[in-house]
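Reading the structure
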Amino acid sequence: SLVAIPLWDEALSVCLPCTHPLSRQQSPIPPEAILNEAMVGFPSERAPGLQKRIARALGIELDALRFEQLAVQMQTVIGLVAAGYRLSVVPASMRNLERQEVVYRDIAGCTERVWTYLLRPLEAVPAVTHLERSLTGGAVDAVGAPESRG
């Protein structure tokens, strides 16, 4: 069985090509403005939780979320946006990629958070245990561990 170790949570941001008209807006972008644009996203089987959070952030039902282009890696999504192809809603940590061809803006009224987890077997090997401690600072609240079930 697997154990899910929560590592961090973060907000969502909209990633826009720097040439996009919305990129000039310094204030948070309204969800309606984002929905009027074609978007790059992830296949639902790769990131179902992320898609649910994006839909909620935009105030729509999950089945109404439409992507014109799908990519399976975050760097590819940002690369497509950088090339001017579309915009995307991404975890705020993507701002750390510091691509000059894109800008990131907050989403107006968005309170959705995205969690990142480390998934590991219940009986972890020493290297995974070391990684887990490094990422969590030793404080672990495992989801799925026997002591957390209850």
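Residues numbered from 1 in each chain as written. Predicted model: local features only at pLDDT ≥ 70, side-chain atom pairs only at ≥ 80, totals over all residues. Heavy atoms only, no water.

1. Here we look at the pairing of strand β1 (residues 2-17)
- As defined by bridge partners, β1 adjoins strand β6 (residues 113-121) across nine bridges and the pair is classed as antiparallel. Looking across to β6, one finds that Ala4 is bridged to Leu119.
- Of the strand pairs in this sheet, β1 and strand β4 (residues 88-91) are connected by four bridges, and their pairing is antiparallel. Each residue of the ladder has a partner; that of Leu12, found in β4, is Pro91.
- In terms of strand pairing, β1 meets strand β5 (residues 102-106) through five bridges, oriented antiparallel. Paired with Leu16 across the bridge in β5 is Val103. (Pairing = 2+ DSSP bridges. Helix = DSSP H or I, 4+ residues; strand = E, 2+ residues; numbered from the N terminus.)

2. Details of unusual backbone geometry
- Residues other than glycine seldom take positive phi values, yet Glu98 does so here, at roughly 50 degrees.
- Within the secondary structure, Glu98 is located in the loop between β4 and β5.

3. Here we look at a nonpolar patch on the surface
- Taken together, the side chains of Leu2, Trp115, Tyr117 and Leu119 present a nonpolar region at the surface, about 440 Å² in accessible area.
- Ranked by the residues each element gives to the nonpolar patch, the list is headed by β6, at three residues.
- Mapped onto the elements of the fold, Tyr117 is located in strand β6.
- Here Tyr117 falls in the partly exposed class, since its relative accessible area comes to 41%. (Patch = residues over 30% accessible without salt bridge, like charges linked within 9 Å, V, L, I, M, F, W, Y side chains within 5 Å. Areas by Shrake-Rupley, 256 points an atom, 1.4 Å probe, with all protein chains shown as cover. Salt bridge = Lys/Arg side-chain N within 4 Å of Asp/Glu carboxyl O. Buried < 20%, exposed > 50% of the residue type's maximum accessible area, 1.4 Å probe, protein only.)

4. Description of the side chain of Ser23
- Within the secondary structure layout, Ser23 lies in the loop between β1 and α1 (31-35).
- Separated by 2.9 Å, the side chain of Ser23 and the backbone oxygen of Cys18 make a polar contact.
- If we ignore the near neighbours within four places in the chain, the residues touching Ser23 are Leu16, Pro17, Cys18, Val103 and Arg105. (Polar contact = N/O pair within 3.5 Å; in protein donor to acceptor, adjacent residues only side chain to side chain. Contact = heavy atoms within 4.5 Å.)

5. Overview of the packing of aromatic side chains
- All told, the structure shown has one aromatic pair when counted by the stated rule.
- Measuring from centroid to centroid gives 6.2 Å for Trp115 and Tyr117, while their planes differ by 35 degrees, and the two rings are tilted.
- Geometry around Tyr85 places Arg86 over its ring, the cationic atom sitting 4.3 Å from the centre. (Phe/Tyr/Trp six-rings, centres within 6.5 Å; stacked < 30°, edge-to-face > 60°. Lys NZ or Arg CZ within 6 Å of the ring centre and 35° of its normal.)

6. Side note on the environment of Pro48
- Note that Pro48 resides in helix α2 (residues 48-57).
- C-alpha of Pro48 to C-alpha of Val14: the two residues are 34 residues apart in sequence and 18 Å apart in space.

7. What to know about the environment of Ile29
- Mapped onto the elements of the fold, Ile29 is located in the loop between β1 and α1.
- C-alpha separation for the pair Ile29 and Ile107, spaced 78 residues apart in sequence, amounts to 4.9 Å.
- Look past the residues within four positions of Ile29 in its chain and what remains in contact with it is Val14, Leu22, Ile34, Arg105, Asp106, Ile107 and Ala108.

8. Some remarks on the environment of Ile78
- Turning to its location among the elements, Ile78 is positioned in helix α3 (residues 74-82).
- Through-space distance from the C-alpha of Ile78 to that of Ser27 is 21 Å; in sequence the pair is 51 residues apart.
- Once residues within four sequence positions are removed from consideration, Ile78 is found in contact with Cys15, Val90, Met94, Leu97, Arg99, Val102 and Tyr104.

9. Remarks on the nonpolar core
- Residues Leu12, Ile34, Val89 and Val90 are the most contacted members of the largest nonpolar core, which totals 33 residues.
- If you list the elements that add at least two residues to this core, you get β1, α1, α2, α3, β4 and β5.
- Per element, the largest residue contribution to this core is five residues, and it comes from α3.
- Every residue in contact with Ile34, bar those within four places of it in the chain, is listed here: Val14, Ile29, Met39, Leu58, Leu87, Val89 and Ile107. (Core = buried A, V, L, I, M, F, W, Y, C linked by side-chain atoms within 4.5 Å.)

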